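Residue-level listing of the chains:
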Amino acid sequence: MIEVKDIRHSFGNLQVLQGVNLSVEKGEIVAIIGPSGAGKTTLLQIIGTLLTPVAGQVIINGTNVYSLKEKQLSEFRNRHIGFIFQFHQLLPEFTAIENVIMPALIGKIDYKEALTKGEHLLTELGLKERMHHKPSELSGGEKQRVAAARALIMNPDVILADEPSGSLDSANKKDLHRMLLSMRDKFGQTIIIVTHDAELAAICDRTIEIHDGVII
């Protein structure tokens, strides 16, 4: 599903990634671990096409993503990649359901179709009674489930999660762990997770450790 080939990246004189190679199979859940500053989030952003590498290739489901033009790349990202961030990145002025369907509307999906799918996803994730609440009215765990539904709305091939349990208490962390496993089982996504959470890494199919921009 994903091939990362000789990815290199630097910020000024600081070389953050030094020739990273990585393959991830379809339906696999992979954790990327390592100390702060090791290059984990930079690698995730490059895989997610949010950051262009200095050198190297990222191939997702047969598409060399950095050979695409800007508009094509934006469309590819919207349709094939879903994101879950540590601090949710929900739009505060919109309700849960409105946040969830935003990528579908950007992707020019019919409003009624997007709404039906968004309601189904929020119901699946236990938020049927909360979908018309704004983020300020939701708990941390509820906001993270809204973010997961938003990531799933376009039925992407890949879900990328950056420290998804980093802002949650222990009870909500366990709920998140169960949710990520069920997402793979129910929806068939390939999931890559950057995490410092040892419990989350332990339930993944595979763990990859990065130090100083190199997979060890």
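For the structure, see preceding data.
Everything numeric here is computed off the predicted structure, so don't read it as measured data.

**Q** Sorry if this is basic, but what is going on with the nonpolar core here?
**A** For soluble globular proteins, nonpolar side chains are generally found buried alongside one another. Counting 35 residues, the largest nonpolar core has I84, L122, V146, M183 and I193 as the members making the most contacts within it. Those elements that place two or more of their residues in this core are β3 (29–33), α3 (96–106), α4 (111–124), α5 (140–152), β7 (158–162), α6 (170–187), β8 (190–194) and α7 (198–203). L122 has contacts with A96, I97, V100, L127, K128, M131, V146 and A149, leaving out every residue within four places of it along the chain. Core analysis: the next-biggest nonpolar cluster, separate from the first, contains 30 residues, M1, V16, V58 and I210 among them.

**Q** Is there a simple way to explain the pattern of salt bridges in this structure?
**A** When their charged atoms lie close together, side chains carrying opposite charge are able to pair. Going through the model one piece at a time under the given rule, you end up with 7 salt bridges. E3 is paired through a salt bridge with K5; the nearest N and O atoms lie 4.0 Å apart. We note a salt bridge from R184 to D205, for which the minimum N-O separation is 2.8 Å. On the criterion of sequence distance, the pair formed by R184 in helix α6 and D205 in the loop between α7 and β9 (206–211) is long-range, its members being 21 residues apart. Look at D205 and you get partly exposed, because its relative accessible area is 44%. The structure contains a network of salt bridges with shared partners spanning R184, D185 and D205.

**Q** Explain the pairing of strand β2 (residues 14–24) here, please?
**A** Side-chain positions along a regular strand alternate between the two faces of the sheet. Two elements, strand β1 (residues 2–11) and β2, share 8 bridges in a ladder whose sense is antiparallel. Pairing of F11 across the sheet is with L14, part of β2. Between β1 and β2, which pair antiparallel and follow one another directly, the connecting turn spans 2 residues, one of which, G12, has a positive phi of 65°.

Calculation rules
Residue positions are counted from 1 within each chain, in the order its sequence is given. Only residues with pLDDT of at least 70 are given local features in this predicted model, and only at 80 or more are side-chain atom pairs given and counted; all residues enter the totals for whole chains, interfaces and linings. Only hydrogens and water are set aside; all other atoms, that is, all heavy atoms of the structure, feed into the side-chain values. By nonpolar core we mean a set of buried residues, namely Ala, Val, Leu, Ile, Met, Phe, Trp, Tyr and Cys, connected to one another through side-chain atoms within 4.5 Å. The buried label applies to any residue whose accessible area, calculated with a 1.4 Å probe on protein chains only, is under 20% of its type's maximum; exposed applies above 50%, and partly exposed to all values in between. Only DSSP runs of H or I with at least four residues qualify as helices, and only runs of E with at least two residues qualify as strands; both kinds are numbered from the N terminus onward. Whether two residues are in contact is decided by their heavy atoms: any pair within 4.5 Å suffices. Salt bridge, as used here, is a side-chain nitrogen of Lys or Arg placed within 4 Å of a carboxyl oxygen of Asp or Glu. Following DSSP output, two strands are said to pair if at least two bridges run between them.

Remember, this is a structural readout, not a statement about activity or role.
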